[in-house]
Amino acid sequence: LAGKHRTFANIAPHRDVTLVHDDARAYLTRTGSRFNVIQMSLIDTWAATGAGAFTLSENGLYTVDGWRVFLSRLQPDGVFSVSRWFSPNNVSETHRLLSLAVASLLELDVRKPVDHLLLVTRDRTATLLTSLTPFSAADEAIVRRVAEAEGFTIQTSPWTGGSSPRIDKIARSTTLAELSLATADPDFDYSPPTDERPFFFNMLKPRSFARVYSLPRGGVMWGNIRATATLVLLFAIALALVLAIIIGPLLSAGRPAMPRGVFTWTVLYFCGIGIAFMLVQIALLQRFSVFLGHPAYTFSVTLFSMISFAGIGSYLSDMVASRLKRLDVVLPLATALVIVTTALAAGRATGAFGGASLPARVAVVVAFLAPVATLLGFFCPTGLRAVGAVSPSATAWMWGVNGACGVLGSVVAVGISMWVGIQANLFAAAILYGTLLVPLSVL
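Notes on the overall build of the chain
Move 1: Per the secondary structure count, the chain includes 16 helices and five strands.
Move 2: If one aligns the C-alpha atoms of the chain with their principal axes, the spans along those axes are about 85 × 50 × 45 Å.
Move 3: In the chain, which comprises 443 residues, the proportion classed as buried is 48%.
Move 4: Considering only contacts in the chain between residues 6 or more positions apart, those separated by 24 or more positions represent 74%.
Move 5: Here the chain displays about 20300 Å² of accessible surface, and carbon together with sulfur accounts for 63% of that area.
Move 6: Between the centroid of the 34 positive side chains of the chain and the centroid of its 25 negative side chains there is a distance of 8 Å.

Pasting the structure below:
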């Protein structure tokens, strides 16, 4: 548009047009401009969840934290327009979209959100208009006239109430407690997403997995509901393959020559580091995916940094082990402390630097990953050295156990993030690493 198609499209030369190529949330965080209209029409990607790549399904555009930024960039009478898919007779995103708007307005101290909301639909599309200024009687006249002329249906507005009991309850909520009651549902999660759980498109609750295929079918959300349920099937398949390919051969080879008690503690140690490492890695991937704004940046920066610094930690472990007294106590406790610190500080740092340039945001991510990944790199070689001193034949066993738990841990970590929160993974990992001082001391 700005290069060889400049004169063909004729958009860039227009005096009132400025083209910006950037992550929307990062740009709006750092800009000082205020806008009459911010429009977000059907922005999504289901390619990730459709392919089973659940660590790509987070989206920082549909969270209360993101909408707080967008709404704050409006002129006093500006409008934030968001369009999503709508299915009146099936499960759709409309209820969650509306609850997201209500929660965002409440966060900005709007006492009566319904006066600031207008939801209209036509066919399979819903458009939600949100403003920090209440819609007026003059707005009502315009909206009714356009809706009649263009075939729109007003689902909720300050003048009509909601078209269904749930839409009406959500729109009329004046506190977060009321909103929680309005969005309560046994099967689907209509609660407003946050950066802690940035999974707008994953609405199926865990309790509904057993009967997912008996739930109402059809509608735009059915594909995503089925993809989310696949996470449970993925865990079952991974468990079966781990048992057949890793655990089965190890069992057939027999227990290595080492005392039963020591063997048990050793297995627990390598199980722990396999699961805990994936809890940290998946959580940080998801946390920084929202921060960096694109999965390509997230994977290239986060995975490269974690593997590189874990490798450095593995290399340093030889030198540190010979010089540091009581490594078995210091290493687990230090790692747990660093993970907790990362969990508590990462949210604040990403909020503070959300509007920075991409290189600056990458530098922030690397700064957070370097200490924690370096420490995580100590555990495997430290454990293998200790096992080798007790029973060299046990090394293959522990590689297998560690790999098996790493595979299963990655699936578990995604589930924890989706249904509890990203931070819960980090706290669980901190507990696991802290408790490793017992088996490490035994070894």
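That was the structure; now back to the text.
Some words on the pairing of strand S2 (residues 74-85)
Move 1: Both strand S1 (residues 35-41) and S2 contribute to a ladder of six bridges, which runs parallel. Within the sheet, the bridge partner assigned to Ile 38 lies in S2 and is Phe 80.
Move 2: Direction of pairing for S2 relative to strand S4 (residues 125-130): antiparallel, over a ladder of six bridges. Looking at S4, one finds that Phe 80 is bridged to Thr 130.

Observations regarding the packing of aromatic side chains
Move 1: Per the stated rule, a full pass over the model turns up eleven aromatic pairs.
Move 2: Arranged with centres 6.4 Å apart and planes meeting at 45°, the rings of Phe 288 and Phe 368 form a pair that is tilted. Of the two residues, Phe 288 sits in helix H10 (residues 260-292) while Phe 368 sits in helix H13 (residues 358-390), which places them 80 residues apart along the sequence. The same class applies to Phe 288 and to Phe 368, which are both buried.
Move 3: Here the aromatic cluster, defined as three or more aromatic residues joined through ring pairs, consists of Tyr 62, Phe 200 and Phe 201.
Move 4: The residue whose ring lies beneath Arg 124 is Trp 85, and the NZ or CZ to ring-centre distance is 5.3 Å.

Things to note about helix H14 (residues 395-419)
Move 1: In this model, H14 (25 residues) spans 36 Å end to end at C-alpha, consistent with the 36 Å of a helix rising 1.5 Å per residue.
Move 2: Directly beyond the C-terminal end of H14, a positive phi value near 150° is found at Gly 421.

A closer look at the pattern of salt bridges
Move 1: Applying the stated rule across the entire model yields 14 salt bridges.
Move 2: Across the salt bridge formed by Asp 115 and Lys 112, the nearest N and O atoms sit 3.9 Å from each other.

Considering the sheet that holds S1
Move 1: Pairing is mixed in the open sheet, where five strands are placed in the order S1-S2-S4-S3-S5. Only two strands of the sheet have a single partner each, and these edge strands are S1 and strand S5 (153-156). When the angles between neighbouring strand axes are averaged without regard to direction, this sheet yields 20°.
Move 2: Packing of helix H4 (residues 64-72) onto the sheet brings it into contact with S1, S2 and S4, and relative to S2 it is tilted by some 135°.

Some details on the side chain of Arg 96
Move 1: Tracing the backbone shows Arg 96 in helix H5 (residues 94-107).
Move 2: Arg 96 gets classed as buried once you look at its relative accessible area, which sits at 1%.
Move 3: At a separation of 2.7 Å, a polar atom in the side chain of Arg 96 contacts the main-chain carbonyl oxygen of Ser 191.
Move 4: Within the structure, the side chain of Arg 96 is placed 3.1 Å from the backbone oxygen of Phe 200, a separation counted as a polar contact.
Move 5: Once you skip the residues sitting within four places of it in the chain, Arg 96 turns out to touch Asp 189, Tyr 190, Ser 191, Pro 193, Arg 197, Phe 199, Phe 200, Asn 202 and Met 203.

Focus: the nonpolar core
Move 1: Counting residues in hydrophobic clusters, the biggest one holds 59 residues, and the most contacted among them are Phe 270, Val 280, Ile 339, Met 398 and Tyr 433.
Move 2: Sorting the residues of this core by element identifies helix H9 (222-253), H10, helix H11 (295-323), helix H12 (327-352), H13, H14 and helix H15 (422-435) as the ones contributing at least two each.
Move 3: The dominant element in this core, judged by the number of residues it contributes, is H10, at 17 residues.
Move 4: The next biggest cluster of nonpolar side chains, apart from the first, holds 35 residues, and it includes Tyr 62, Val 69, Leu 71 and Ala 182.

Thoughts on the environment of Pro 381
Move 1: Among the secondary structure elements, Pro 381 is positioned in helix H13.
Move 2: When near neighbours in sequence (up to four residues on either side) are disregarded, Pro 381 contacts Ser 314 and Ser 317.

Some remarks on the packing of H10 against H13
Move 1: With their axes 11 Å apart at the nearest point, H10 and H13 run at an angle of 170° to one another. Relative to H13, H10 is oriented roughly antiparallel.
Move 2: Counted by class, the contact of H10 with H13 contains 23 nonpolar, two polar and one charged residues.

A word on the packing of H13 against H14
Move 1: Direction vectors running N to C along H13 and H14 enclose 150°, while the axes themselves pass 10 Å from each other. It follows from the interaxial angle that H13 and H14 lie roughly antiparallel. The hand of the H13/H14 crossing is right-handed. Listed contacts from H14 to Cys 380, Leu 384 and Val 387 of H13 are Thr 395, Met 398 and Trp 399.
Move 2: The class makeup of the residues in the contact of H13 with H14 is five nonpolar, one polar and no charged.

Considering H5
Move 1: With 14 residues, H5 ought to run about 20 Å at 1.5 Å a step, and its terminal C-alpha atoms sit 20 Å apart, in line with that.
Move 2: Among the 14 residues in H5, 13 count as buried, and that is most of the element.
Move 3: Of the residues trailing H5, Asp 109 is marked for its positive phi of about 65°.

The rules behind the values
Residues numbered from 1 in each chain as written. Predicted model: local features only at pLDDT ≥ 70, side-chain atom pairs only at ≥ 80, totals over all residues. Heavy atoms only, no water. Helix = DSSP H or I, 4+ residues; strand = E, 2+ residues; numbered from the N terminus. Buried < 20%, exposed > 50% of the residue type's maximum accessible area, 1.4 Å probe, protein only. Contact = heavy atoms within 4.5 Å. Areas by Shrake-Rupley, 256 points an atom, 1.4 Å probe, with all protein chains shown as cover. Lys, Arg positive; Asp, Glu negative; His and termini not counted. Charge placed at Lys NZ, Arg CZ, Asp CG, Glu CD. Pairing = 2+ DSSP bridges. Phe/Tyr/Trp six-rings, centres within 6.5 Å; stacked < 30°, edge-to-face > 60°. Lys NZ or Arg CZ within 6 Å of the ring centre and 35° of its normal. Expected span 1.5 Å × (residues − 1). Salt bridge = Lys/Arg side-chain N within 4 Å of Asp/Glu carboxyl O. Axes fitted to C-alpha atoms, helices over the stretch in contact; angles between N-to-C directions. Polar contact = N/O pair within 3.5 Å; in protein donor to acceptor, adjacent residues only side chain to side chain. Core = buried A, V, L, I, M, F, W, Y, C linked by side-chain atoms within 4.5 Å. Parallel < 35°, antiparallel > 145°, perpendicular 65-115°, else oblique. Nonpolar A, V, L, I, M, F, W, Y, C, P; charged D, E, K, R; others polar. Left-handed = near helix turned anticlockwise from the far one by under 90°.

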